[in-house]
Amino acid sequence: MRNTTLSLLISAFILSLMINSAPASDENRQSSVESWVLKNLANNGGYYRVRSRETKLAPLSSIRQKFLEYFDQSDYGFDGITAEDIEIQNQERSRNSFASSLSVWFRKDIDQDLVVTKSELEIFHQKKAAIAIRSNRVFIAKTREQIIQILNELVARDLVMDTNKDKQITLDEAVASIKQNKNHKRYNRRRHNRSITMDFDIDKNERVEREEYLTGINNALLLIDENKDGFISEPEFRSKTNQM
């Protein structure tokens, strides 16, 4: 009898632990989803139309539609988003970032001989260096000395790629520099954070279905819309982002 009672007590204790731990796990998952939504709104506000000078920003219906559009772009198999889909998306973003950085180097190669010389850099940056200074809505032309100083700074910044210090940048040097560039890596990390998180996967089948995704988005947007007027105001948006 004593053993039976002890077994029942242990079973009840384990059951209570399971019951108490389930809501916390779900709460953490929803918190992660809300954080993901906020980061996407903060980093890509123009895309979701939540950045404007108006008092009221886009209605929740418009923002929700943009998030669904992003889901459809990410669902490569049209059967829900898996970890494999997310990895494919991250690789694609990394390639696009690398290609974008390298395309700038090709634009500086004026004679298209796959070598960017110091003189080509000076020609490329001349226009940017000479842009007038804007102060109190008034444009002030730069002096010759200012233009030369800025031009030298721009050229020197690019010549960091010149690892053998011969005053020119080869294609190999450009590729190696872009891969090692901290800004490029930071950009990749930021873009990778935009990938849909598996925390949307409510039923834990290792696949985010459209309905699960929409449920997570709706819950997060309703939390951001504190006064429940169907819009995200600037104070509401900033209040939540400050808590991130």
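Going by the structure above, here's the rest.
Criteria and cut-off values
- Residues numbered from 1 in each chain as written.
- Predicted model: local features only at pLDDT ≥ 70, side-chain atom pairs only at ≥ 80, totals over all residues.
- Heavy atoms only, no water.
- Helix = DSSP H or I, 4+ residues; strand = E, 2+ residues; numbered from the N terminus.
- Buried < 20%, exposed > 50% of the residue type's maximum accessible area, 1.4 Å probe, protein only.
- Contact = heavy atoms within 4.5 Å.
- Salt bridge = Lys/Arg side-chain N within 4 Å of Asp/Glu carboxyl O.
- Core = buried A, V, L, I, M, F, W, Y, C linked by side-chain atoms within 4.5 Å.

Engineer: How would you summarise the overall build of the protein if you had to cite specific residues and measurements?
Structural biologist: Scanning the protein for helices and strands turns up 10 helices and six strands. For the protein, buried positions account for 32% of its 244 residues. Within the protein, contacts between residues separated by at least 24 positions form 60% of all contacts whose residues are at least 6 apart in sequence.

Engineer: Before we move on, could you go through the pattern of salt bridges and cite the residues and values that matter?
Structural biologist: Side-chain pairs of opposite charge can arise where the charged atoms are in close proximity. Enumeration according to the criterion identifies three salt bridges in this entry. The shortest N-O distance in the salt bridge between Arg207 and Asp79 comes to 3.3 Å. Of this pair, Arg207 sits in the loop between α8 (182–192) and α9 (210–224) while Asp79 sits in the loop between α3 (60–74) and α4 (83–108); the two residues are 128 residues apart in sequence, bridging distant segments of the chain. For Arg207, a relative accessible area of 26% puts it in the partly exposed group.

Engineer: Before we move on, could you go through the nonpolar core and cite the residues and values that matter?
Structural biologist: Within the largest apolar cluster, 24 residues are counted, with the highest numbers of intra-cluster contacts made by Trp36, Val37, Leu41, Tyr213 and Leu221. Going through the elements one at a time, α1 (2–43), α3 and α9 are the ones with two or more residues in this core. A total of six residues in this core trace back to one element, the largest contributor, which is α3. The next biggest cluster of nonpolar side chains, apart from the first, holds 13 residues, and it includes Val116, Leu121, Leu151 and Ile178.

Engineer: Would you mind going over the environment of Trp105 in detail, with residue names and values included?
Structural biologist: Mapped onto the elements of the fold, Trp105 is located in helix α4. Setting aside residues no more than four positions away along its own chain, Trp105 makes contact with Leu114, Val115, Val116, Met161, Ile169, Thr170, Leu171 and Ala174.

Such coordinate-based values are descriptive only and should not be taken to indicate function.
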